[in-house]
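Remarks on the overall topology
Take a look at the letters that make up each chain.
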Amino acid sequence: MMAKKKNKIIADRRFNSIDMTRTYNQLTPVEEVLWDPKKDPTLLKLNFAAGSMTADMMPLGPRRSEIYITGRKREEGEQYFAASERIRQVTLGSGAVTVSDTEIITEFQWDAGNDDEMKAVQRIAVYLTPNPNSREGVLWQQVNGKAVAFFDYEMDMRRSSN
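What this report covers is the structure whose coordinates are included nearby. Every value quoted in this text rests on a predicted model; they were computed, and no experiment measured them. (Residues numbered from 1 in each chain as written. Predicted model: local features only at pLDDT ≥ 70, side-chain atom pairs only at ≥ 80, totals over all residues. Heavy atoms only, no water.)

A word on the side chain of Thr 106
So the rule is basically this: A helix here means a DSSP run of H or I that spans at least four residues, while a strand means a run of E at least two residues long, and both kinds are numbered starting from the N terminus. Relative accessibility thresholds used throughout: buried, under 20% of the residue-type maximum; exposed, over 50%; partly exposed, between the two (1.4 Å probe, protein chains only). N or O atoms closer than or at 3.5 Å make up a polar contact, with two conditions inside protein: a donor-capable atom paired with an acceptor-capable one, and, for residues adjacent in sequence, both atoms drawn from side chains. Only heavy atoms enter the contact rule, under which two residues are in contact if any of them lie within 4.5 Å.
By secondary structure assignment, the location of Thr 106 is in strand S5 (residues 96-111). Of the residues examined, Thr 106 reaches a relative accessible area of 6% and is grouped as buried. Here Gln 122 takes part through its side chain, which lies 3.1 Å from a polar atom of the side chain of Thr 106. Beyond its immediate chain neighbours, meaning those up to four positions away, Thr 106 contacts Phe 81, Ala 82, Ala 83, Ala 120, Val 121, Gln 122 and Met 155.

So, the pattern of salt bridges
We apply this condition: Salt bridges are defined as contacts in which a side-chain nitrogen from Lys or Arg sits within 4 Å of a carboxyl oxygen from Asp or Glu.
Counting across every chain of the model gives eight salt bridges. One salt bridge connects Glu 85 with Arg 72, and the closest N-O pair in it is separated by 3.1 Å. Of the two residues, Glu 85 is situated in strand S4 (residues 80-93) and Arg 72 in strand S3 (residues 63-76); the sequence distance between them amounts to 13 residues. For Glu 85, a relative accessible area of 17% gives the class buried. Relative accessible area serves as the criterion here: at 48%, Arg 72 is assigned to the partly exposed category.

Structure representation (structure tokens):
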């Protein structure tokens, strides 16, 4: 929703969640996305396909994640808009539960010569979780809650013909 463009941008978390796992080439892609923005726009549930084998040659069963959106910001200008979200992801798998805190910051820019194309730069910051009963909780205290890993992505997007 940038000033010069009259195109409406629609958030489609179901499509985006599945498409981004394909783009990131994850070993266990998202099979199903449960999201009801009218009931609770801050909760997203992902069901993953069963994966291949773990390091000890045990089959990796299906997993599911519950993603809680804990903060959002946005900014826009003439030829760009930027969005950030903070999330807490709880992943439930075969006998294991993992919790991760992440911040995703994305800046989108229109291709000046083509209204059907957009470029984006995305940075994902990963934080440890403040669980005092785990090694990670102790490390979280040592890093004072700061991000411990960053992942940067560049994306080229084209308008879908659908």
